[in-house]
Each structure stands twice: as C-alpha cells, then as structure tokens.
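Architecture and fold: a report
Given next are the chains, with one letter for each unit.
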Amino acid sequence: MVREVSESCMDSLLTEIVSSYCNRFYANKPELAARRIEAIGYQVGHQLSERYTIERPRFTDHLEAIKFICKDFWSELFKKQIDNLKTNHRGTFVLQDNKFRWLSRMSGDPSEISGAAQDPSTMSENKAAQATGMHLYFPCGIIRGALSTLGIPCAVSADISNLPACSFVVRIKV
C-alpha cells in the first residue's frame, strides 16, 4: 500500500513550520529557527531514506548514493528527478532543480536574502526573500538526513538565483 501526502498539505505544513519557528518560537533568533527547521528536515530525510532503501544493498561510494538521491529519492518526494548534477570529484556536489515545487508559489527577489534593507520600501521585499531562504532549510535537512542514513556525513546549503530554480550544494565531510 502506497501512502502519499497531498502536495497542498505539504506546502501548508512547511509554510506553518517556517512561520511558527520564525515568528513565534524564535522570533528574535533567526539562526536558531533555521537550525531547528533544518533539524526537522533531517529527521524526515533520515526516516524517508530508511524506508526507500530498506530492500537495497548498501551503496559502495559517494557518487552512487548522490545519484540515488537525485533519481529515486527525489522522484519519491517531488515526482521528478533532479534536473542537473555537478561534482568537482573532491566531495562537492551541486544538485540543480529548475522547478523546485516548494518554491513555486514563492515571490520576491532571492538576491535580497543577504542584503540588508535600508529603504523602507524594500523592507517587505527583503522579508519575503528571508522567508524564502528559511523555507530552504527544511529540504537541506532532508538531503543531509537522507545522506547521513546512507553513511555519508555532509553539510548541505541551498542557493536560489531565479525562482523557482534552486541549487543544493552538498559537501561531504572527510
């Protein structure tokens, strides 16, 4: 029996998680909210990876595990594979999703995430960009949790250059 969750429910849940942690629980500590959101994603990724690999043999190398994440794991989560995978063959992988579903309903300029708003008219744009950035901690946690379950300790970060496209950078810890 296949169990699935409605995409709209998942969108609403992620939005509520980010809103709760950023506006209520850790309103004055965005870095703590980000860590907590990433930790929730880590648990989800860990459990999903266990479920999807229960009848598979262990992966022999990092590239094989990353390919599993890009093809099978991503397909289970988003009904599509990662659009592009790049590596430097030294432990860094870039996973590119050109239409990342969890960002498809977002608006705002992602380049504003790191810039501080000084003009009051740009403040709402900056807040939207920060919210978009906070939404990415959850999928980063999912990827890190999944790879951790596969025996690959890593750090995962996300980069958005043009919504809804998103790149996830995976750095394997040695």
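Given the structure is predicted, the values throughout are model-derived calculations rather than measurements.

1. Describing helix α1 (residues 7-25)
- Look at α1: 26 Å from first C-alpha to last across 19 residues, which is about the 27 Å you get at 1.5 Å a residue.
- When α1 is considered as a whole, its buried residues turn out to be Asp11, Leu14, Ile17, Val18, Ser20, Tyr21 and Cys22.

2. Digging into the packing of aromatic side chains
- Counted according to the given criterion, the structure contains eleven aromatic pairs.
- Where Trp102 meets Phe138, the ring centres are 5.6 Å apart and the plane angle is 45°; that geometry is what we call tilted. Linking Trp102 in the loop between β2 (92-97) and α4 (120-135) with Phe138 in helix α5 (residues 137-149), this pair joins segments that are 36 residues apart in sequence. The pair formed by Trp102 and Phe138 is uniform in burial state, with each residue classed as buried.

3. Describing the pairing of strand β4 (residues 166-172)
- Taking burial as the measure, the seven residues of β4 include six buried ones, the bulk of the element.
- Between strand β3 (residues 154-159) and β4, which pair antiparallel and follow one another directly, the connecting turn spans six residues.

Calculation rules
Residues numbered from 1 in each chain as written. Predicted model: local features only at pLDDT ≥ 70, side-chain atom pairs only at ≥ 80, totals over all residues. Heavy atoms only, no water. Helix = DSSP H or I, 4+ residues; strand = E, 2+ residues; numbered from the N terminus. Expected span 1.5 Å × (residues − 1). Buried < 20%, exposed > 50% of the residue type's maximum accessible area, 1.4 Å probe, protein only. Phe/Tyr/Trp six-rings, centres within 6.5 Å; stacked < 30°, edge-to-face > 60°. Pairing = 2+ DSSP bridges.

The quantities given are spatial measurements derived from coordinates; they are silent on function.
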